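Listed below, chain by chain, are the residues.
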Amino acid sequence: MGPGRVTPHPSVSEPAVVAPGTSAPSVCLGWQATGGTLPIREGSLWQQFSSGYVEAMGLGTSRRQALDCQQLFLAGERSSGVFQIQPLGSQPFKVYCDMTAEGGWTVIQRRLDGSVDFDQLWEAYRNGFGDLNIPYVSGDFWLGLEKTYHIVQEGRYNLSIELQDWEGNSQLIQFLFSLGGENTAYTLSLLGPVSGELENALGDFRQLPFSTRDQDNDFKADTNCAKHLSGWWFSTCGHANLNGKYFRSIPRQRHERKQGIFWKTWKGRYYPLKSTTLKIRPRGTFPHISSCLAGRV
Ligand SMILES: [Ca+2]
């Protein structure tokens with residue numbers, strides 16, 4: 001069975017924990033040989049994907065791919081950088097992992113220096129664009145809606161939004177979210193209360209489809225916000241746009257500033273922000289286990 005195929009395992013109903021010194025079944029030896037641990041998250045996921053997970057991780061072949069950056073963190077990785085992951089049902093792809101004290105964040109958007117044009121069409125926003133990693137220098141990028149969608153299918157994820165202005169101030173907003181597939185126009189749904197110091201600027205809506213200049217899914221009937229701004233989860237045009245035009249200094253003209261990166265409830269509609277990061281991490285994790293399936297396979 002190839003990576004990514006999922007077959008529910010009939011005999012596994014809960015996460016298995018292996019006592020120190022317990023010998024693991026032979027199917028697990030490939031995993032043990034890597035010296036790694038097997039991170040497990042939501043219990044329901046374990047039930048659903050246990051067997052497929054093992055296959056996806058390539059046990060017995062010394063080949064394994066993490067499902068996201070949090071799994072790499074749980075497996076002991078502590079350095080931020082570019083890693084290859086493979087969510088279930090997806091081809092492997094590279095992501096930038098922001099390893100923090102609290103865990104491994106998978107970065108889905110980053111604006112640092114204006115090195116990448118974010119005025120892109122639907123296909124580009126679906127597939128991703130930009131520089132995940134110029135060697136030794138990290139640039140601007142959009143991971144891609146389809147890749148993000150595949151990652152967040154595996155559990156309950158927090159979205160963390162970090163903003164910086166030009167005076168050295170930063171702000172943070174976090175909330176539990178889900179992302180629909182392309183058939184929903186990658187609708188972003190807020191699933192819980194918004195935390196952080198920053199008021200929500202997505203508007204009063206709990207669900208927002210994504211729009212680009214060639215796909216108008218916003219809630220403003222007479223116009224396409226993305227045609228004048230960029231691809232984003234627009235409700236009406238004025239709440240937030242973190243994919244806007246990058247300005248290295250604040251333009252004097254209001255109509256220019258309007259096109260910039262903004263978050264209305266922090267610095268206002270006409271303040272182009274200096275940098276932004278969007279990153280995701282599963283909300284809950286089971287303690288990772290130190291061996292394989294302990295007789296359950
Ligand atoms: Ca519209």
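Structural data are supplied above this passage.
The structure presented is a predicted model; accordingly, all values stated were derived computationally and were not measured.

**Re the nonpolar core**
Nonpolar side chains tend toward joint burial in soluble globular proteins.
Part 1: Among the nonpolar cores identified, the biggest contains 58 residues, and Leu 159, Ile 161, Phe 177, Trp 233, Leu 242 and Trp 263 are the most heavily contacted of them.
Part 2: It is strand β2 (residues 93-100) that provides the largest number of residues to this core, a total of five residues.

**Regarding the coordination of the calcium ion**
Part 1: Binding of the calcium ion to the protein goes through Asp 216 (OD), Asp 216 (OD), Asp 218 (OD), Lys 220 (O) and Thr 223 (O), at separations of 2.3 to 2.6 Å.
Part 2: Expressed as a motif, the donor residue spacing for the calcium ion is D-x1-D-x1-K-x2-T.
Part 3: Judged by relative accessible area, Lys 220 falls into the partly exposed class, the value being 32%.

**Considering the state of the cysteines**
Part 1: Counting across every chain of the model gives two disulfides.
Part 2: Cys 69 shares a disulfide with Cys 97; S-S distance 2.0 Å. Measuring handedness by torsion sign, the sulfur bridge of Cys 69 and Cys 97 sits at about -80° and is left-handed. Placement of the pair is Cys 69 in helix α3 (residues 69-74) and Cys 97 in strand β2, with a sequence separation of 28 residues.
Part 3: Using a relative accessible area of 0% as the deciding quantity, one classes Cys 69 as buried.
Part 4: With relative accessibility at 0%, the residue Cys 97 sits in the buried group.
Part 5: The disulfide partner of Cys 225 is Cys 237, and the S-S distance across this bridge is 2.1 Å. As the torsion about the S-S bond is roughly -80°, the Cys 225-Cys 237 disulfide counts as left-handed. Separated by 12 residues along the polypeptide, Cys 225 in helix α6 (residues 225-228) and Cys 237 in the loop between α6 and β11 (240-241) bring together distant segments of the chain. For the pair formed by Cys 225 and Cys 237, the shared burial category is buried.

**Comments concerning the environment of Leu 176**
Part 1: Locating Leu 176 in the fold gives a position in strand β7 (residues 170-179).
Part 2: A C-alpha to C-alpha distance of 9.0 Å links Leu 176 and Pro 282, two positions 106 residues apart in sequence.
Part 3: Once you skip the residues sitting within four places of it in the chain, Leu 176 turns out to touch Arg 156, Tyr 157, Asn 158, Ser 189, Leu 190, Leu 191, Gly 192 and Arg 283.

**Digging into the side chain of Ser 211**
Part 1: Position of Ser 211 relative to the elements: it lies in the loop between β10 (207-208) and α6.
Part 2: Judged by relative accessible area, which is 0%, Ser 211 ranks as buried.
Part 3: Of note is the side chain of Ser 211, whose polar atom sits 2.8 Å from the backbone nitrogen of Asn 217.
Part 4: Of the polar contacts made by the side chain of Ser 211, one reaches the backbone nitrogen of Asp 218; its length is 3.1 Å.
Part 5: Setting aside residues no more than four positions away along its own chain, Ser 211 makes contact with Trp 122, Asp 216, Asn 217, Asp 218, Asn 224, Ala 226, Ser 230, Gly 231, Trp 232 and Phe 234.

**Structural notes on the packing of aromatic side chains**
Two aromatic rings are characterised by how far apart their centres lie and by the angle between their planes.
Part 1: Tallied over the entire structure, the rule returns 11 aromatic pairs.
Part 2: Taken together through their ring pairs, the aromatic side chains of Phe 118, Trp 122, Tyr 125, Phe 129, Trp 142, Tyr 186, Phe 210, Trp 232 and Trp 233 make up a single cluster.
Part 3: When the ring centre of Phe 118 is taken as reference, the NZ or CZ atom of Arg 111 above it lies at 3.8 Å.
Part 4: Across the ring face of Tyr 270, the terminal group of Arg 269 is positioned such that the distance to the ring centre comes to 5.5 Å.

**Topic: the pairing of β7**
Within a regular beta strand, the side chains point alternately toward one face of the sheet and then the other, so they alternate between its two faces.
Part 1: Most of β7 sits inside the fold, with seven of its 10 residues counted as buried.
Part 2: In this structure, the hairpin formed by strand β6 (residues 157-164) and β7 is closed by a connection of five residues, where Gly 168 is found at a positive phi of approximately 90°.
Part 3: Strand direction decides the pairing type here: β7 and strand β9 (residues 195-196), joined by two bridges, are antiparallel. From the neighbouring strand, Gln 174 faces β9, where its bridge partner is Ser 195.
Part 4: Pairing of β7 with strand β8 (residues 188-190), which is carried by three bridges, proceeds in the antiparallel orientation. Within β8, the residue paired with Phe 177 across the bridge is Leu 190.

Definitions and cut-offs
- Residues numbered from 1 in each chain as written.
- Predicted model: local features only at pLDDT ≥ 70, side-chain atom pairs only at ≥ 80, totals over all residues.
- Heavy atoms only, no water.
- Core = buried A, V, L, I, M, F, W, Y, C linked by side-chain atoms within 4.5 Å.
- Buried < 20%, exposed > 50% of the residue type's maximum accessible area, 1.4 Å probe, protein only.
- Helix = DSSP H or I, 4+ residues; strand = E, 2+ residues; numbered from the N terminus.
- Donors = N, O, S within 2.8 Å, 3.2 Å for Na, K, Ca; no water.
- Disulfide = S-S within 2.5 Å.
- Contact = heavy atoms within 4.5 Å.
- Polar contact = N/O pair within 3.5 Å; in protein donor to acceptor, adjacent residues only side chain to side chain.
- Phe/Tyr/Trp six-rings, centres within 6.5 Å; stacked < 30°, edge-to-face > 60°.
- Lys NZ or Arg CZ within 6 Å of the ring centre and 35° of its normal.
- Pairing = 2+ DSSP bridges.

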